[in-house]
Amino acid sequence: MFGKRKKDQPSGSEFHQADSEQQLFAQLLAETRADPDKVFTIDMVGRGTPGRDLDEQVERLRRSGVTASRPPATEAAADRSSARADPSADELVPLSRQPFTAETGDVFFIPDGGGSVLLGHVLATLHDAVYVAVFQRPEDLPRPADPLVVLATQPVVAGLTLPARFQPGMWEVVGNVAPDTARLLPAYTWGTDLDGVHVTDFSGSRSRLATEIEATTIPRRVVESPYFIDIAVRAVVGLVDWHPDFEHLRYRSTPRSVDLFPDR
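Calculation rules
- Residues numbered from 1 in each chain as written.
- Predicted model: local features only at pLDDT ≥ 70, side-chain atom pairs only at ≥ 80, totals over all residues.
- Heavy atoms only, no water.
- Pairing = 2+ DSSP bridges.
- Helix = DSSP H or I, 4+ residues; strand = E, 2+ residues; numbered from the N terminus.
- Axes fitted to C-alpha atoms, helices over the stretch in contact; angles between N-to-C directions.
- Salt bridge = Lys/Arg side-chain N within 4 Å of Asp/Glu carboxyl O.
- Buried < 20%, exposed > 50% of the residue type's maximum accessible area, 1.4 Å probe, protein only.
- Phe/Tyr/Trp six-rings, centres within 6.5 Å; stacked < 30°, edge-to-face > 60°.
- Core = buried A, V, L, I, M, F, W, Y, C linked by side-chain atoms within 4.5 Å.
- Contact = heavy atoms within 4.5 Å.

For the rest of this paragraph, the subject is the sheet that holds strand β12 (residues 207-209). Sheet strands pair via backbone hydrogen bonds, and the direction of the pair is either parallel or antiparallel. Spatial ordering of the open sheet is given by β10-β11-β12, a layout of three strands whose pairing is antiparallel. Across the chains shown, the open sheet's two edge strands, defined by having one partner strand only, are β10 (188-192) and β12. Taking the axes of each pair of neighbouring strands and ignoring which way they run, one obtains an average angle of 30° across the sheet. Looking at chain direction, strand β11 (residues 196-200) and β12 are connected through three bridges and run antiparallel. By the bridge assignment for β12, H198 is matched with L209.

As structure tokens, this is what we get:
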């Protein structure tokens, strides 16, 4: 399993390699737990078994100009604090939860950087990663807004990330509601023109070669650092400028996982 890693500095892309998607997510969780403000985007570009198969794919990627990168071997938790957003508008109270953990269905507050909060929902977990959707209260919905009503609207931001910001003062869990996965979990594409673009269900357990149209219209399988999602949320509310790098986090009605890979 390997991907192209785009960092917060304009130094091009790096190559990030792991023996499996599970190992990759574990590495990224350790990295973001040590530094919750780290910014990166990793685009899944290939899969292979450790050994010759993966080495050959790696060499082709290197020839395309992507440099190699290995994650740090050690993990260190950092003590961090930030201003606590006022959740009173939605009349929900943070629950007791171990830091750096989240479960499918968790509803959480995500600070917008301006003293208010948006509502987030963990739609699914995938190894050590979580797929989260962030909802903004519609203007025509009076306060206090029923969280279930807000969660039934269209998200403003959604993406696969790590749970490193699930801690006091950052993303605080306030309840648990069964997610509408059939409505919101996307299908993904991964791979390159060199080795073929594939389309996969959300879990990654079912995959096939993508058609030409699917390769250009279905979103890439991308993992974001959680702080990058925080910045995108601030852009949604207008506190920072919207950047083109946020576009793949903007929620769109793309082919869903259940559409392309119906339950057996």
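And the narrative resumes.
Let us now look at the pattern of salt bridges. Inspection of the entire model under this criterion finds nine salt bridges. The salt bridge partner of E214 is R208, with a shortest N-O separation of 2.9 Å. Among the ionic pairs, R250 bridges to E247, the shortest N-O distance being 2.9 Å. A relative accessible area of 35% places R250 in the partly exposed class. Three or more residues joined by partner-sharing salt bridges are found here, namely D37, R165 and D230.

Moving on to helix α6 (residues 226-236). Counting buried residues along α6, eight of its 11 residues qualify, which places the element largely inside the surrounding structure. Buried within α6 we find P226, Y227, F228, I229, D230, A232, V233 and A235. In the segment just after α6, G238 is the residue with positive phi, at about 90°.

What follows concerns the packing of aromatic side chains. According to the stated counting rule, one finds seven aromatic pairs in the structure shown. Residues Y188 and F202 carry aromatic rings whose centres are separated by 6.1 Å and whose planes lie at 35° to one another, so their mutual orientation is tilted. Remark: F202 occurs in the loop between β11 and β12 and Y188 occurs in strand β10; sequence separation between them is 14 residues. Through successive ring pairs, a cluster of aromatic residues spans F108, F166 and W171.

Once that is clear, we can look at the nonpolar core. Residues F25, L28, Y131, L160, L162 and F202 are the most contacted members of the largest nonpolar core, which totals 30 residues. For this core, the secondary structure elements donating two or more residues are α1 (21-34), β3 (40-46), β5 (106-111), β6 (117-126), β7 (129-135), α3 (147-151) and β8 (157-161). Tallying contributions element by element places β6 first for this core, with five residues. Excluding its chain neighbours within four sequence positions, the residues that come into contact with L162 are F25, L28, L29, T32, F40, D128, A129, V130, V223, E224 and P226. Judged by nonpolar contacts, the second largest core, of 22 residues, contains I110, V134, A232 and F246.

A large share of β10 lies buried, amounting to five of its five residues. The alternating pattern of β10 places Y188, W190 and T192 on one face and T189 and G191 on the opposite face, and all of these are buried. Taken together, the five bridges between β10 and β11 define a ladder with antiparallel strand orientation. From the neighbouring strand, Y188 faces β11, where its bridge partner is T200. Counted along the chain from β10 to the antiparallel partner β11, the turn is three residues long.

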